[in-house]
Amino acid sequence: MTADCLNPSDTLTRRERVTGLAIAIACVTLVGVGLSLSIPLLAFAMDARGASGLLIGLNAAMGGVATVVVAPFIPRVAASIGVRPTLFVALALGAATILSFHFVAPLWAWFPLRFGFGVSLAILFVLSEFWINALAPQASRGLVMGVYATALSVGLGAGPLILAGIGQDGLLPYAICAGLFVAASAPLMLAGDGAPPLEKPAPGRGVLFFLLLAPVATLSGFTFGAVETGAFAFLPLYGVSLGFAPAAAALLVTAMEVGNVALQIPLGLISDRMDRRLLLLIIGVVGLVGAIALPLLGGSWWLYVGVAVWGGVICGLYTVALAHLGARFSGVDLATANAAFVIMYSIGLTAGPPMLGLGFDLWTPYGVPVAMAILLAIFTAVAALRLRAPA
């Protein structure tokens, strides 16, 4: 089903549409706070119990594995029992699993727990983003997705700050994280029957179908996931190699998040006024040139400015690609296309850090921007080739 077909959300009043969007964005933003709190919390907890870095990394990767395994089935499940009930189940699963980490002793049991937590997150992001995209007005879809990306970035930035304030010891951080998932159910309770309906997917129109049908949008998810996560892991090391103190080098990640927050609404507005495939290509080119140019900034304060602008533009791959999917598909096709996008993003999360790590090992420190440039060059080439294809 394309976006030109009748969409049930077209019958909503402006107030109903704005309320529905606010509910979905509030829900997923609270989940984002809990997610960003949980990642360092679990890493610190495993390290304190003597787990190796490899074991910690493998445990974190279970979230990506869960997404790849579960995401293809999410649209069908939601079509059977409803979007809102499925989200309630996912929130309950997320709260239960994160709380269980505190009480379950054997580290081997943390792997199925991390898988369950990943299942919860996959459902929440696939269906929340479907909900937001389904209700977004066609004329301002990019703006809506920019507001969503901005709110999510703020939520993802808040989690580590909360953890720094409360510490990682005892039950409290796990309880707060679980409480955030419970709190995210409050907006859903206000939704009533306002969640967009889903029909069952047609045979042959699964995740693989949409990976092939919308390669630029789904590759955007992979590229952003790989570059962002890899940058978060290696920008501090890159800064230290250039002579920054560790604390100052860590602020490069903060600079990137500031750029993410600042530029998503402007990029969304721009995407409402031009071919989004062309904008994705432009973002890829700017990202590629920026990655190549980062070493030219050396160890000066201009590196913070460069990382902020570059990171904010790269985050546009996520914002604009989601808007592109929403403009092209509707109903269960949109939900399935979003599942394909989330799968590619999760694969990027898993693949990015090792790829940038290899670059760092081969050419310290400049292998980091070179590896990011290679990823962006591949995306840019695909985006350029696809620009002449039918929209």
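It should be noted that the structure appears before, not after, this text.
In this text the structure is predicted, and so the values were computed from the model without any measurement. (Residues numbered from 1 in each chain as written. Predicted model: local features only at pLDDT ≥ 70, side-chain atom pairs only at ≥ 80, totals over all residues. Heavy atoms only, no water.)

Draft legend 1. Inspection of the overall build of the protein chain at higher detail. Scanning the protein chain for helices and strands turns up 14 helices and 0 strands. For the protein chain, the N- to C-terminal ordering of α and β elements is α-α-α-α-α-α-α-α-α-α-α-α-α-α. Buried residues in the protein chain amount to 54% of all 391 residues. Residue pairs at least 24 apart in sequence account for 86% of intrachain contacts in the protein chain once pairs closer than 6 positions are excluded. Just so you have it, the protein chain exposes about 15800 Å², and 74% of that area is on carbon and sulfur atoms. Taking the average place of the 16 positive charges on the side chains of the protein chain and the average place of its 14 negative ones, the gap between the two points comes to 7 Å. (Helix = DSSP H or I, 4+ residues; strand = E, 2+ residues; numbered from the N terminus. Buried < 20%, exposed > 50% of the residue type's maximum accessible area, 1.4 Å probe, protein only. Contact = heavy atoms within 4.5 Å. Areas by Shrake-Rupley, 256 points an atom, 1.4 Å probe, with all protein chains shown as cover. Lys, Arg positive; Asp, Glu negative; His and termini not counted. Charge placed at Lys NZ, Arg CZ, Asp CG, Glu CD.)

Draft legend 2. Structural context of the side chain of serine 36. By the secondary structure assignment, serine 36 is in helix H1 (residues 14–48). A polar contact is formed between the side chain of serine 36 and the backbone oxygen of leucine 156, at a distance of 2.9 Å. In this view, serine 36 contacts Gly155, Leu156, Gly159 and Pro160; residues no more than four positions away in its chain are not counted. (Polar contact = N/O pair within 3.5 Å; in protein donor to acceptor, adjacent residues only side chain to side chain.)

Draft legend 3. Structural context of the packing of aromatic side chains. Counting across every chain of the model gives 12 aromatic pairs. Geometrically, the ring pair formed by phenylalanine 209 and phenylalanine 210 is edge-to-face, given 5.1 Å between the ring centres and 85 degrees between the ring planes. Given a relative accessible area of 30%, phenylalanine 209 falls into the partly exposed group. Between phenylalanine 244 and tyrosine 304 the ring centres are 5.5 Å apart and the planes differ by 80 degrees, which places this aromatic pair in the edge-to-face class. One end of the pair, phenylalanine 244, is in the loop between helix H9 (215–241) and helix H10 (246–271); the other, tyrosine 304, is in helix H12 (residues 302–328), with 60 residues separating them in the sequence. On the basis of relative accessible area, phenylalanine 244 is assigned to the buried category, the value being 13%. The rings of Phe224, Tyr318, Phe341 and Tyr345 are connected pair by pair, giving a single aromatic cluster. (Phe/Tyr/Trp six-rings, centres within 6.5 Å; stacked < 30°, edge-to-face > 60°.)

Draft legend 4. Highlighting the environment of valine 285. Mapped onto the elements, valine 285 comes out in helix H11 (residues 276–293). In the structure, valine 285 is positioned 29 residues away from isoleucine 314 in sequence and 10.0 Å away in space, judged by C-alpha atoms.

Draft legend 5. Looking closely at helix H2 (residues 53–70). Counted at 1.5 Å a residue, the expected span for H2 with its 18 residues is 26 Å, and the 26 Å between its end C-alpha atoms agrees. The largest bend along H2 reaches roughly 25 degrees and is located at methionine 62. All of the buried residues along H2 are Ile56, Asn59, Met62, Gly63, Gly64, Ala66, Thr67 and Val70. For H2, the N-terminal cap is serine 52; the gap from its side-chain oxygen to the backbone nitrogen of leucine 55 is 3.1 Å. (Expected span 1.5 Å × (residues − 1). Bend = angle between axes of the 7 residues up to and from the residue.)

Draft legend 6. Examining empty space enclosed by the protein more closely. Under the definition given, this model contains 1 cavity of 30 Å³ or more. Looking at the largest cavity, it is lined by 11 residues, and the ones nearest its centre are Val216, Arg277, His324, Arg328 and Arg386. When residues of the lining of the largest cavity are assigned to their parent elements, the largest contribution, 3 residues, is made by H9. Residues that form the lining of the largest cavity fall into these classes: 7 nonpolar, 1 polar and 3 charged. (1 Å grid on protein atoms, 1.4 Å probe; cavity = no way out; pocket = protein on both sides within 12 Å on 5 of 7 lines; lining within 4 Å. Points joined across faces, edges and corners; volume = space filled by probe spheres on them. Nonpolar A, V, L, I, M, F, W, Y, C, P; charged D, E, K, R; others polar.)

Draft legend 7. Just the packing of H12 against helix H14 (residues 367–386), in detail. It is at 13 Å that the axes of H12 and H14 come closest, and there the two elements cross at 40 degrees. Here H12 lies oblique to H14, going by the angle between them. Crossing hand, H12 versus H14: left-handed. Between H12, through Trp310, Ile314 and Leu317, and H14, the contact on the second element is made entirely by Met372, Leu376 and Phe379. Split into classes, the residues belonging to the contact of H12 with H14 amount to 6 nonpolar, no polar and no charged. (Axes fitted to C-alpha atoms, helices over the stretch in contact; angles between N-to-C directions. Parallel < 35°, antiparallel > 145°, perpendicular 65-115°, else oblique. Left-handed = near helix turned anticlockwise from the far one by under 90°.)

Draft legend 8. Summary view of the state of the cysteines. Counted according to the given criterion, the structure contains 0 disulfides. Left without a disulfide partner, cysteine 27 is nearest to the cysteine sulfur of cysteine 177, which lies 14 Å away. For cysteine 27, a relative accessible area of 1% translates into the label buried. (Disulfide = S-S within 2.5 Å.)

Draft legend 9. Spatial organisation of the pattern of salt bridges. What the rule picks out here adds up to 3 salt bridges. Across the pair aspartate 333 and arginine 205 runs a salt bridge, and its minimum N-O distance is 2.8 Å. Separated by 128 residues along the polypeptide, aspartate 333 in helix H13 (residues 331–362) and arginine 205 in the loop between helix H7 (172–191) and helix H8 (207–213) bring together distant segments of the chain. Owing to a relative accessible area of 3%, aspartate 333 belongs among the buried residues under this scheme. With a shortest N-O distance of 3.5 Å, arginine 277 and aspartate 275 are connected by a salt bridge. We classify arginine 277 as buried; its relative accessible area is 14%. (Salt bridge = Lys/Arg side-chain N within 4 Å of Asp/Glu carboxyl O.)

Draft legend 10. Seen up close, a nonpolar patch on the surface. Side chains of Leu358, Leu362, Trp363, Val370, Ile374 and Ile378 sit close together on the surface and give an oily, nonpolar patch of about 640 Å² of accessible area. Those elements that provide at least two residues to the nonpolar patch are H13 and H14. Per-element tally for the nonpolar patch: the top contributor is H14, with 3 residues. With respect to the helices, strands and loops of the structure, leucine 358 is situated in helix H13. (Patch = residues over 30% accessible without salt bridge, like charges linked within 9 Å, V, L, I, M, F, W, Y side chains within 5 Å.)

Draft legend 11. Looking closely at the side chain of glutamate 228. Within the secondary structure layout, glutamate 228 lies in helix H9. Here glutamate 228 is buried and forms no salt bridge, its nearest opposite-charge partner arginine 114 lying at an N-O distance of 14 Å. If we ignore the near neighbours within four places in the chain, the residues touching glutamate 228 are Met256, Glu257, Asn260 and Tyr345.

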